[in-house]
Amino acid sequence: MDLNLDAPHSMGTTIIGVTYNGGVVLGADSRTSTGMYVANRASDKITQLTDNVYVCRSGSAADSQVVSDYVRYFLHQHTIQLGQPATVKVSANLIRMLAYNNKNMLQTGLIVGGWDKYEGGKIYGVPLGGTVVEQPFAIGGSGSSYLYGFFDQAWKENMTKEEAEQLVVKAVSLAIARDGASGGVVRTVIINSEGVTRNFYPGDKLQLWHEELEPQNSLLDILNAAGPEPMAI
Amino acid sequence: MLLILWGVLIQFTIPIDNGDALKNAEADSQRTLYPYVTGTSIVAIKYKDGVLMASDMGGSYGSTLRYKNIERVKAIGKHSLLGASGEISDFQEILRYLDELVLNDNMWDDGNSLGPKEVHNYLTRVMYNRRNKFNPLWNTLVLGGVKNGEIYLGMVSMIGVSFEDNHVATGFGNHLARPILRDEWRADLSFEDGVKLLEKCMRVLLYRDRSAINKLQIAKITEEGVTVSQPYSLKTFWEFQAFHNPTAGAQGSW
């Protein structure tokens, strides 16, 4: 069994960005792995760029961190010069600039999401290579493979804030169930005209899927509850 | 008409004899080069009355958690438990070999039955000989059992490395469970304490092994016989304060 602790920290990941009627909901799992070892089981992959724009990071942990650090820095200066909050589009384009011009060296897929007064809630996907794609919803990371069918069926325009967040939590949870590189807790960030809300859904608060069982404290509790014939097949 | 004849001719000439490994370059097309559907760790301990063995029920297909109901611990004869990590198809093949072994043993009808030492020895020979032919069974096996009051626990790897111990672990368990077992195992563990110790190890594996799933079975073997528990899940803990907002003081970190 190869632990390969020298493997680069990679966030296998499931990341999602969804627009709704009034803003956006960003979601992600919390697993960062080094090879097959889970280096961090409670990472925060939804990173702030400005007060009103956040980015979901996937792929190489180092690459995505440094790209978002640069963009935060540029946006900070831009906000001062502009005299008002930066737009989501500008943030996405700065991400694109770094991703595209360093495409041979970077291995990170990003989803930029936020709210500004001109366009409202917007989601931009920036996959490997540096393409920018404005989308009503975006999914990314290794876990997203398991969600294409799900979103084709479940996505609807003009959802409410609650519907959108429930959809994101359900989707990340489904991906965690099948992607070994995703796991831990589900984090969401909701951005709208009123501001930003962070939410946290630990593994035990999520719905159970196929072949998953209700968690117990110990086998001993089950055996004691079952009565005088313990450990019978 | 001619075309059909050609088709028949070709059918008869195509089969290639793959037998001679020394001369024929394609002869190794039958070896296991890498595993496809794999099981992760097995953790097992000796305790007061026998052996306890824990495993999860996952069969991973690369990074996909594809199968969630695979039993990776099986009873062998009356006196042994076999747990396997690694390629599931190879484990199933080993079970077939052992079936034959047990059958032949029963056919003697002499009141004797294969004990865990014998089964472990057989498996060691099988694994080592396959390794010598560069066609390993891609498993790490854990063999535990009780016969005539003697409690036995050992393991064999895919390259034929074989040994006994008071507590064993395969795969990630080597790195994550062993230190816990070395610290907390005692010879006179009760069933309850043994289960709790194994659950402690399995919980850590659940947190830190990418291929672990939250559905496990614990099997017990004593002089009386084998029992395998029903599948169940463990509660996990996520409410550390630090987990709620880890990047509050350092935007952009992890």
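For clarity, every value in this text was computed on a predicted model and none was experimentally measured.

Trainee: I tried to follow the overall build of chain A on my own but got confused; where do I start?
Mentor: A count of helices and strands for chain A gives 5 helices and 14 strands. Relative to a compact globule of 233 residues, whose C-alpha radius of gyration would be 17 Å, chain A shows 20 Å and is just as compact. Principal-axis analysis of the C-alpha atoms gives chain A an extent of 75 × 45 × 30 Å. Across the 233 residues that make up chain A, the buried fraction comes to 54%. A fraction of 63% describes how many contacts in chain A between residues 6 or more apart in sequence connect residues 24 or more apart.

Trainee: When you look at the interface of chain B and chain A in this model, what are you seeing that I'm missing?
Mentor: By a widespread convention, an interface's size corresponds to the accessible area lost as its parts come together. In this complex, chain B contributes 50 residues to the contact, which on the side of chain A involves 53 residues. For the pair chain B and chain A, the two sides together bury roughly 4,600 Å², of which 57% comes from carbon and sulfur. It is Arg-210, Trp-238 and Trp-254 of chain B that lose the most area in chain B upon contact with chain A, and together they represent 20% of the buried surface on that side. The salt bridge partner of Glu-239 of chain B is Lys-205 of chain A, with a shortest N-O separation of 3.8 Å. Put simply, chain B and chain A have 24 residue pairs in polar contact (both at pLDDT 80 or more) between them. Those elements that place two or more of their residues in the side of chain B that touches chain A are strand S5 (64-67), helix H4 (172-184), helix H5 (191-208), strand S12 (216-222), strand S13 (225-228), strand S14 (233-234) and helix H6 (241-244) of chain B. When grouped by side-chain class, the residues that make up the side of chain B that touches chain A number 20 nonpolar, 17 polar and 13 charged. Both strand S14 (residues 215-216) of chain A and S14 of chain B contribute to a ladder of 2 bridges, which runs parallel.

Trainee: Can you walk me through the pattern of salt bridges in this structure?
Mentor: When the charged atoms of two side chains with opposite charge come close together, those side chains can pair. The tally for this structure, following the rule as stated, stands at 13 salt bridges over all chains. Glu-134 of chain A serves as the salt-bridge partner of Lys-122 of chain A, at 3.5 Å between the closest nitrogen and oxygen. Of the two residues, Lys-122 of chain A sits in strand S9 (residues 120-126) while Glu-134 of chain A sits in strand S10 (residues 133-135), which places them 12 residues apart along the sequence. Judged by relative accessible area, which is 18%, Lys-122 of chain A ranks as buried. Measuring nitrogen to oxygen at the nearest pair gives 3.6 Å for the salt bridge that ties Glu-71 of chain B to Lys-74 of chain B. Relative accessible area serves as the criterion here: at 35%, Glu-71 of chain B is assigned to the partly exposed category. Residue classification places Lys-74 of chain B among the partly exposed positions, given a relative accessible area of 30%. A cluster of three or more residues bridged by salt bridges with shared partners is formed by Arg-186, Asp-188 and Asp-193 of chain B.

Trainee: For this particular structure, what's the right way to read the UniProt feature "active site" (unreviewed entry) in chain A?
Mentor: Residue and element names in this part refer to chain A. Under the local residue numbering, the UniProt record ascribes the feature "active site" (unreviewed entry) to Thr-13. Given the relative accessible area of 0%, Thr-13 is considered buried. Those residues in contact with Thr-13 that sit more than four places away from it in its chain are Asp-29, Lys-45, Arg-57, Ser-58, Gly-140, Gly-141, Ser-142, Gly-143, Asp-179, Ala-181 and Ser-182. In this structure the side chain of Thr-13 is engaged in a polar contact, spanning 3.0 Å, whose partner is the side chain of Lys-45.

Conventions used here
- Residues numbered from 1 in each chain as written.
- Chains lettered and ligands numbered in written order.
- Predicted model: local features only at pLDDT ≥ 70, side-chain atom pairs only at ≥ 80, totals over all residues.
- Heavy atoms only, no water.
- Helix = DSSP H or I, 4+ residues; strand = E, 2+ residues; numbered from the N terminus.
- Rg over C-alpha atoms; globule rule 2.2 N^0.38 Å.
- Buried < 20%, exposed > 50% of the residue type's maximum accessible area, 1.4 Å probe, protein only.
- Contact = heavy atoms within 4.5 Å.
- Buried area = accessible area lost by both parts, 1.4 Å probe.
- Salt bridge = Lys/Arg side-chain N within 4 Å of Asp/Glu carboxyl O.
- Polar contact = N/O pair within 3.5 Å; in protein donor to acceptor, adjacent residues only side chain to side chain.
- Nonpolar A, V, L, I, M, F, W, Y, C, P; charged D, E, K, R; others polar.
- Pairing = 2+ DSSP bridges.
- UniProt positions renumbered as here; feature names shortened; annotations may be inferred.

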